Amino acid sequence: MSEQQFFKVIIDNVSIDVPAGTTILEAARKIGGDVAPPAMCFYSKLKGSGGKCRTCLVEVSKGSEKDPRPMPKLVASCRTTVMDGMEVKNITSSKVTDARAGVVEFLLLNHPLDCPICDQAGECHLQDLSYEHGKAGTRYEFQRRTFKKHNLGPYIQLHMTRCILCYRCVYTADQLTNSRSHGVLDRGDHAEIATFIENNLENDFIGNVIDVCPVGALTDKTFRFKNRVWFLKPLDAHRDCPKCTGKVTLWNRGDEVFRVTARKDEWGEVEDWICNECRFDKKKTSDWVIEGPRNISRHSVISQGHYVNTITSQETFEAVNEGRQPKLLFDIHSKSDVNKTGVSLSLIDGPAVSTDFTS
Amino acid sequence: MAVKLLLDKAHIPNIRYYDVYRREGGYTSLEKALTSMTPESILEEVKKSGLRGRGGAGFPTGLKWSFIAKPEGVPRHLVCNADESEPGTFKDRYLMEFLPHLLIEGLVISSFVLGSNATYIYIRGEYAWIPDILEQAISEAKANGWLGKNILGTGFDCEIYVQRGAGAYICGEETALIESLEGKRGNPRIKPPFPAIKGVWDRPTVVNNVETLAAVVPIIRIGGEEYARIGVGRSSGTKLMSACGNINKPGVYEIDMTISVEEFIYSDEFCGGIANGKRLKACIPGGSSVPILPANLLLKTAKGETRYMNYESLSDGGFATGSMMGSGGFIVLDEDQCIVKHTFTLARFYRHESCGQCSPCREGTGWMEKILKNIDTGKGKMSDIDLLWDIQSKIEGNTICPLGDAAAWPVAAAIRHFRDEFEWHVKNPTTCLTKNYGIAHYADEIHVPVIA
């Protein structure tokens, strides 16, 4: 084997050396920050993914040292490999920001914007993308498209209207399971994710499609309408699992485990795939060995309320009250209809409704 | 009388069958190629001929063939793209239906050049009766030793298989065709790698149009240099045009690329003029995805020169005042045709045929169709026209395959050249349902400033 060849690329005026064969997107992610183009369909752990959503378009202003001609069109950075001496413009190019705003508009054209009732809200890549690269209004004046509902079994909920057809779940099923039973049917704007003919997704690792889905098209049925993700506290935990690594993130409220997901890195990509048993069936804190709180970028809405590295003001009640504790007038739970201590939200069957608290 | 190289024998009864085709001098090019030439010398002839891809893009065929990778021990393939789905184009159907042996002869010669032992014809599903014709021709050729093992004792083996598509326009795009041929969903692949490096089953592959491969036969027969002498400049040889629309004589015509557009439309040898004594309003010279041109810009370029039927002249002026040769689907519109309705029809086609893989094309084509439908039915707004322009500019160039461009160009050209007709539709929401904007000034002489 010859020595690994390194290419020098300049992305948004930042220079970096990367091994030959690296894509522009991966090189930009090494620099990090705003230089990294957004990606809705590319997933570094899934072979063959990328190139479809067109949000990662960049301008190549210089092809390479040998052939300095610029590329005629914007290129998908996730599927274009770097050349030596390549110069790439991402946020420094008005053509790119313009095209990206166009792509965001296209992606949102038929997206229902039901974020207030969507379980993905708060950790949705399309939300982030629209905030960062989209425009406030829409120029679309027509009915958004709808689909016939498909049932994918007891674990996975499909909302086809929210789907942006990134094909990640298709690649996941192809590459993690030995038989794929769902796929993209039909074509064009009426293409949809479905099983043919009506079928449950039952493979041991199929739950990972929930984690790879960039929007709320595939969500966890056992977590459906149970809580908002930003009210939950993510904890790293593990268990001895015969099928997978057992390394997960628990999403807790108090001692209750509301849902289990794989651990995701800063680009929202899964670090270790987990099995269905860990994800859907182990919903007790006692099933898990808790390692500690998971660090989430403090810019994420999930971090709201989880103050990291902040100084809390000192409690002075005791000092001024000659060492006496504050007196509780009554226990709120004995008076209130909600938040009854006897009700474990994560253990009830189906979405929580008011009768769960009152009866 | 113009030179004919492909259709010169098409009028002979039963030329479809081997015996007649052979009697009329068929398979002599193949005999010449395999016995007296090497793959390198044939490639050299094709390069010299200046033959350009007849499927639409017009890429030089010899150059395309020379790109094919030749790794040791990996089979190579030639795929014939017979998925002719472009609205307005039907020249390949004619060739395959009446001269199947010409295609097979061209395929075997080309396979010999590229070293393809298994060659595929991918034919669109709607041509339901043609696979039978082709398969019959293949078995006839095989029975007479022009196909199969050790052809003419040269040691070259070649088999041709006919594969039917399932009715998707997108499968005419070469990488989508390859996916479909492999039995997968016809989604275009992301390039690079190009098919010449990794095509069918990751093997080096060349995908060529039916007409391109058939044109190899006369090139071998008369020689590359002689072929290059026909036509003008970089538009060498002959081209099949499928003329349709409001003309007296629709059909497939072979032209040698030296005639003017005006002659092609009005001459009795070709289209025979506009039907019912109407006047010419507009024309799409190369299949539905190339820009539409109003009569004045079609017959003369913006500089006032006569426009000819060849690659260079038709694209003179770029997209601002020109169009493209494309696949040769010549669609003529007379003064009674409505450009808005016409554009809406095309937009509906592209919305229906988008594969849905990349977002600008999937969402944008549907959006354009809805807006055009509104304008066509008198529900449009003035801002819709600018919106359409903006949508098409966001699609063009930002998609994986050229279908996005093909969907954007007709809309762009219609607005560019016929904006007043769109505005008339918006301003007259009730009249436009019953009346037509008519020919207006679209056939007027263009004012060419005299440059001292």
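Residues numbered from 1 in each chain as written. Chains lettered and ligands numbered in written order. Predicted model: local features only at pLDDT ≥ 70, side-chain atom pairs only at ≥ 80, totals over all residues. Heavy atoms only, no water.

Asker: Sorry if this is basic, but what is going on with the interface of chain B and chain A here?
Answerer: Quoted interface sizes are often the accessible area lost when the parts come together. Opposite the 34 residues of chain B that make contact, chain A presents 34 residues. Salt-bridge contacts for K381 of chain B lead to E141 of chain A; the nearest nitrogen and oxygen are separated by 2.7 Å. Linking chain B with chain A are 19 residue pairs in polar contact (both at pLDDT 80 or more), by the criterion used here. When contributions to the side of chain B that touches chain A are tallied by element, the ones reaching two or more residues are α15 (339–353), α16 (359–376) and α17 (382–395) of chain B. Considering every element that reaches the side of chain B that touches chain A, the biggest residue donor is α16 of chain B, with ten residues. For the side of chain B that touches chain A, the class distribution of residues is eleven nonpolar, 13 polar and ten charged. (Contact = heavy atoms within 4.5 Å. Salt bridge = Lys/Arg side-chain N within 4 Å of Asp/Glu carboxyl O. Polar contact = N/O pair within 3.5 Å; in protein donor to acceptor, adjacent residues only side chain to side chain. Helix = DSSP H or I, 4+ residues; strand = E, 2+ residues; numbered from the N terminus. Nonpolar A, V, L, I, M, F, W, Y, C, P; charged D, E, K, R; others polar.)

Asker: I keep staring at the nonpolar core and nothing clicks. Help me out?
Answerer: Most often, soluble globular proteins keep nonpolar side chains buried together rather than apart. By size, the foremost hydrophobic cluster in this structure holds 119 residues, and its most contacted members are I42, W65, M96, L103, I104, I121 and I160 of chain B. Not counting chain neighbours up to four residues away, the residues in contact with M96 of chain B comprise A82, L103, I123, Y127, I130, I133, L134 and V210 of chain B. Membership of the second largest hydrophobic core comes to 54 residues, among which are V103, L129, L218 and W288 of chain A. (Core = buried A, V, L, I, M, F, W, Y, C linked by side-chain atoms within 4.5 Å. Buried < 20%, exposed > 50% of the residue type's maximum accessible area, 1.4 Å probe, protein only.)

Asker: Would you explain the domain arrangement of chain B in this entry?
Answerer: All names here are of chain B. Each assigned domain of chain B is listed here: domain 1 (18–229), domain 2 (235–334) and domain 3 (339–434). Contacts between the two partners involve 15 residues from domain 2, matched on the other side by 13 residues from domain 3. When domain 2 packs against domain 3, the two sides together hide about 1,200 Å² of surface, and 70% of this comes from carbon and sulfur. Linking domain 2 to domain 3 there are one salt bridge. Taking the shortest distance from any N to any O, the salt bridge between K281 and E421 comes out at 2.9 Å. Remark: the boundary between domain 2 and domain 3 carries four residue pairs in polar contact (both at pLDDT 80 or more). Among the elements of the structure, β10 (280–284), β11 (293–294) and α14 (318–321) are those that each provide at least two residues to the side of domain 2 that touches domain 3. (Domains from an automatic or database assignment. Buried area = accessible area lost by both parts, 1.4 Å probe.)

Asker: I would appreciate a short explanation of the environment of A352 of chain A in the present structure.
Answerer: Residues and elements named next belong to chain A. Relative to the helices and strands, A352 is located in the loop between α8 (332–335) and α9 (355–358). We classify A352 as partly exposed; its relative accessible area is 27%. A sequence separation of 126 residues divides A352 from K226, and the C-alpha atoms of the two residues are 6.1 Å apart. Residues in contact with A352, not counting those within four places in the same chain, are F225 and L345.

Asker: Quick question: what am I supposed to make of α15 of chain B here?
Answerer: Residues three or four positions apart in an α-helix share a direction because the helix packs 3.6 residues into each turn. Residue and element names in this part refer to chain B. Taking 1.5 Å per residue as the helical rise, α15 with its 15 residues ought to reach 21 Å, and the 21 Å between its terminal C-alpha atoms agrees with that figure. If you check which residues of α15 are buried, you get I339, V340, H342, T343, F344, L346, A347, Y350, R351 and E353. Here the buried face of α15 lies against β10, β12 (329–334), α16 and α18 (403–427). (Expected span 1.5 Å × (residues − 1).)

Asker: Is there a simple way to explain the packing of aromatic side chains in this structure?
Answerer: Aromatic ring pairs are described here by two measures, namely the spacing of the ring centres and the angle between the planes. A full pass over the atoms with the stated rule returns 26 aromatic pairs over all chains. An aromatic cluster of at least three residues, connected via ring pairs, comprises F106, Y140 and F142 of chain A together with W367 of chain B. In this structure, R52 of chain B packs its charged tip against the face of Y311 of chain B, placed 4.2 Å from the ring centre. (Phe/Tyr/Trp six-rings, centres within 6.5 Å; stacked < 30°, edge-to-face > 60°. Lys NZ or Arg CZ within 6 Å of the ring centre and 35° of its normal.)

Asker: Please explain the domain arrangement of chain A as it appears in this structure.
Answerer: Residue and element names in this part refer to chain A. Domain boundaries assigned for chain A yield domain 1 (6–101), domain 2 (144–223), domain 3 (229–303) and domain 4 (317–358). Placing a centre on the C-alpha atoms of domain 3 and another on those of domain 4 gives a separation of 26 Å. Listed as interface residues are four residues of domain 3 and, on the opposing side, five residues of domain 4. Buried surface at the junction of domain 3 and domain 4, both sides included, amounts to about 370 Å², of which 55% is carbon and sulfur. The largest share of the area that domain 3 buries against domain 4 comes from E256, F258 and K283, three residues that together contribute 74% of it.

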